[in-house]
Amino acid sequence: MRGVPARAAEARNFVHDLLHGAGIPVDDLALVDALLVTTELVTNAQRHGGGLIGFTARIVDGYLELAVEDRSEHRPVTAGPRAPGATGGYGWPLVQRLARTIDIAMTATGKTIRVTLPL
């Protein structure tokens, strides 16, 4: 993908096309997980990270590797106890559960979150 997606939907569509064109079998559940994690990481960068400034997706050794860069130096946190009916706070725990690996690297402009997901 060239440039930075303006919306999570653009990133999700790119990952969808990447996985369908990879020439390797991709389990339906793995596809859904990949699209969900893509959406969460991009949305969180836009909503909590000061804006999305970098996005890459590639297939490496049978895994999808996603890298999302934002402007924030703050690491994602899991929300604490929540009031009944409250919304939000489920994205990062979901990413943690679905990703095989997670690496958070500080950069000169913020941070990059890199995850791998099994295909």
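What this report covers is the structure whose coordinates are included nearby. (Residues numbered from 1 in each chain as written. Predicted model: local features only at pLDDT ≥ 70, side-chain atom pairs only at ≥ 80, totals over all residues. Heavy atoms only, no water.)

For the rest of this paragraph, the subject is the overall build of the chain. Of the regular secondary structure elements, the chain holds three helices and four strands. Reading the chain from its N terminus to its C terminus gives the helix and strand order α-α-β-β-α-β-β. The C-alpha atoms of the chain give 14 Å as radius of gyration, which agrees with the globular expectation for 119 residues (14 Å, within 12%). Counting only C-alpha atoms, the chain reaches 45 × 35 × 25 Å along its principal axes. Expressed as a percentage of its 119 residues, the buried residues of the chain come to 36%. For the chain, the share of sequence-separated contacts (at least 6 apart) that also reach a separation of at least 24 residues comes to 57%. About 7000 Å² of surface is accessible on the chain, with carbon and sulfur atoms providing 52% of the total. Charge-centre separation for the chain: the mean point of 12 positive side chains lies 5 Å from the mean point of 12 negative side chains. (Helix = DSSP H or I, 4+ residues; strand = E, 2+ residues; numbered from the N terminus. Rg over C-alpha atoms; globule rule 2.2 N^0.38 Å. Buried < 20%, exposed > 50% of the residue type's maximum accessible area, 1.4 Å probe, protein only. Contact = heavy atoms within 4.5 Å. Areas by Shrake-Rupley, 256 points an atom, 1.4 Å probe, with all protein chains shown as cover. Lys, Arg positive; Asp, Glu negative; His and termini not counted. Charge placed at Lys NZ, Arg CZ, Asp CG, Glu CD.)

Remark: helix α2 (residues 28-48) packs on helix α3 (residues 91-98), axes separated minimally by 10 Å, with the N-to-C direction vectors making an angle of 140°. Taken together, the axes of α2 and α3 are oblique relative to one another. Crossing of α2 over α3 shows left-handed handedness. Side by side, α2 and α3 meet where Asp33, Leu36, Val37, Glu40, Leu41 and Asn44 of the first sit next to Gly91, Trp92, Leu94, Val95 and Leu98 of the second. (Axes fitted to C-alpha atoms, helices over the stretch in contact; angles between N-to-C directions. Parallel < 35°, antiparallel > 145°, perpendicular 65-115°, else oblique. Left-handed = near helix turned anticlockwise from the far one by under 90°.)

Among all positions of α3, only Gly91, Trp92 and Val95 are buried. Burial along α3 is one-sided: seen end-on, the buried residues are contained in an arc of 95°. Contacts from the buried residues of α3 go to α2, β3 (101-107) and β4 (110-118). (Arc of directions from axis to C-beta.)

This paragraph deals with the sheet that holds strand β1 (residues 52-60). Hydrogen bonds between backbone atoms are what pair the strands of a sheet, whose relative direction is either parallel or antiparallel. Strand order in this open sheet of four strands is β1-β2-β4-β3, and the pairing throughout is antiparallel. Every interior strand has two partners, whereas the edge strands, β1 and β3, have only one. The mean angle between the axes of side-by-side strands here comes to 15°, regardless of whether they run parallel or antiparallel. Where β1 and strand β2 (residues 63-70) come together, eight bridges link them in antiparallel fashion. Across the sheet, Arg58 pairs through a bridge with Glu65, a residue of β2. (Pairing = 2+ DSSP bridges.)

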